[in-house]
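So the chains spell out like this:
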Amino acid sequence: MPKHYRPPGKKKEGNAAKYVTRSQAVKNLQVSLPVFRKLCILKGVFPREPKKKVKGNHHSYYHMKDIMFLRHDPLLEKLRDIRAYEKKVKKAMSKKNRDLAERLLTRKPTYTLDRLIKERYPKFIDALRDLDDCLSMVHLFAALPAVDRAVDGEKIPVDRVHNCRRLSHEWQAYISRTHKLRKTFISVKGIYYQAEVEGQKITWLTPHALQQVLPEVDYRVLLTFLEFYETLLAFVNFKLYHSINVKYPPILDPRLEALAADLYALSRYFDANAQSSSMKTKAITSTGSEQVEDQKEGAELDEAELRLAQLQQQLPSNEPGALMHLVEDAASEDEEDVETRECKNLFKNMKFFLSREVPRESLLFIIPAFGGIVSWEGEGAPFEESDQSITHQVVDRPAQGRKFLTREYVQPQWVYDCVNARIILPTEKYMVGCIPPPHLSPFVDNEAEGHIPEYAEAIERLKAAERKEVLPLPGMGKEDLDDPQNLLGIIDRAEAIEAAKRKQKMSMLEKQYHEELKLELQGAEYSAPSTDIEGRDAEGDTAPDLQQLAEDAANMSKVVMPRKKRKLLEAMEIGKERKRAHVLRLKERKKKIDEAKKSA
């Protein structure tokens, strides 16, 4: 009998017992395939890759522990109840029993995902690490038009679109208020943002405010992911708002909400909460009789009415300082790190006005996040275009008809480039009608790529000039700054050439001496030494030998490597070679462009 023979009907072992295919898992859980997909998405169970695929390579495999994890989850019973409820409603409608159908519609079973959020993210930092896809998905659905539509038989409800828009604005308002935004980049796909919250870098993508063309994808899977991500983002917003002593969910000004100025309404809500907290601290330090009177007056008002009164009465709708106005608090100033203070003061004492053709929501999010005050063209704006205190007006048109001499007119790219460079760039290249410089991505490491764009070098020089630093000359490193002669560029070239010649002469004499010793030991006659030593190139003779030795050593190290590591090393070398070829191609392209400009 073979060693691994197992009679039929006996217990399975190895991968056959640890992993099951998707059809086996569906049969084990006794659910339909859409319900199984939904359950896996909500619980965070994904296919595995076993070392040995027992049923073949064309199957998806799940670990048996994950299937047992799903089998004992209470959500599975809820989904079964919903399935049975839908059958009852369908049966009542087919029998034209409207009374029974209406009674059933009022008793539809529901479920919440709060327990799953706490189960999958035991700590708040775990939720922040997994927030990238969540924010991208929520912002994607927030950009959809708020109309009922059926795509591939699946309806996208309007209330889901409104909820995504509300959650995205609440997140942006927190990031803008606390000055946590770090990078931004405009691409063809949309606008990339990166924020740093509690030490975690969170990157998400917001689509452009254009008409969305819905592609042919499975929207049932997307809506299932969205259902989980909405709950997750609501939990995160709740925690973040309470960390800065702001009540959640916020109550917005209905007039601004009707004008689609949700982000500005949220900023005014932050200011109202800040004023109410400062009023409470003043009430604590007041006299005893005043405290009693304040308590009596506060007890008469309901909590919701008090918050609405703070929004509508304490802050006028056209107050210029209401937008992202910060309460001066010494404790909060001490808690801020250096980077947050730098971002907070970038657009300090600057007032921006947005024309109607620029991306309003993006700039309303970015400018207050870096300390600026912003308004726009339309109803509900904090100040009008004719305000004389405006310093910059953002326009995106070929020409500007009416101009104010007290302000600068710039293109929207100027704001994004200033944010990425962390300095106020000159506005000459971003004026109306000019072709702006290239929009560089802050997510690319130019030194690692091996190519530094010309405009990136110009920005580095501007940053060094602002910090009053001295950059090294081209072809020199920062360590050369320690030598004042290297810094000033006054090295005597004649002395350097003379020293190189002496070194070359000594190497030639040493080589000739060793050759003469070898001939003397062999007993052979040798000719007189040549006097023209300077004309011979010593380094040219020895360099190929050293290069050959280096290549031989590298080849020997490859020979003793295992095949897997050798293939990996070759793939890395191919990647480096492609990167070098790409850099050379960019340099040649730039050279051709410069030559074309000179010829023109």
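An unreviewed UniProt entry annotates the protein chain as Pescadillo homolog of Sesamum indicum. Under the Function (unreviewed entry) heading, UniProt states for the protein chain: "Required for maturation of ribosomal RNAs and formation of the large ribosomal subunit." Within the UniProt record for the protein chain, the comment given under Sequence similarities (unreviewed entry) is "Belongs to the pescadillo family."

Asker: Help me understand the overall build of the protein chain, please; the structure alone is not making it clear to me.
Answerer: Within the protein chain, the regular secondary structure consists of 25 helices and eleven strands. Counting across all 600 residues of the protein chain, residues that qualify as buried make up 34%. Of the accessible surface of the protein chain, which amounts to about 38500 Å², a share of 54% is contributed by carbon and sulfur atoms.

Asker: Hey, could you run me through helix α4 (residues 64–71) in this one?
Answerer: Each turn of an α-helix holds 3.6 residues, which means side chains three or four residues apart point in the same direction. Within α4, the full set of buried residues consists of D66, I67 and L70. One face of α4 carries all of its buried residues, which in axial projection span an arc of 100°. In this structure, the buried residues of α4 make contact with β1 (19–21), α2 (22–29), α3 (33–43), β2 (61–63) and α5 (74–94).

Asker: Honestly, the sheet that holds strand β10 (residues 392–394) in this entry has me stumped. Any pointers?
Answerer: Either a parallel or an antiparallel arrangement is found when strands of a sheet pair, and the pairing is made through backbone hydrogen bonds. If you walk across this open sheet you meet the four strands as β9-β8-β10-β11, and the pairing is parallel. Only two strands of the sheet have a single neighbouring strand rather than two, namely β9 (373–376) and β11 (408–410). Between one strand axis and the next, the sheet turns by 25° as a mean value, whatever way the strands run. Of the pairings in the sheet, the one linking strand β8 (residues 351–354) to β10 comprises three bridges and is parallel in character. Bridging from a neighbouring strand, F353 pairs with Q393 of β10. Running over the sheet, helix α18 (residues 360–369) touches β8, β9 and β10 and is turned about 165° from β9. Contacting β8, β10 and β11, helix α19 (residues 412–421) runs over the sheet at an angle of about 115° to β10.

Reading guide: rules and limits
- Residues numbered from 1 in each chain as written.
- Predicted model: local features only at pLDDT ≥ 70, side-chain atom pairs only at ≥ 80, totals over all residues.
- Heavy atoms only, no water.
- UniProt positions renumbered as here; feature names shortened; annotations may be inferred.
- Helix = DSSP H or I, 4+ residues; strand = E, 2+ residues; numbered from the N terminus.
- Buried < 20%, exposed > 50% of the residue type's maximum accessible area, 1.4 Å probe, protein only.
- Areas by Shrake-Rupley, 256 points an atom, 1.4 Å probe, with all protein chains shown as cover.
- Arc of directions from axis to C-beta.
- Contact = heavy atoms within 4.5 Å.
- Pairing = 2+ DSSP bridges.
- Axes fitted to C-alpha atoms, helices over the stretch in contact; angles between N-to-C directions.

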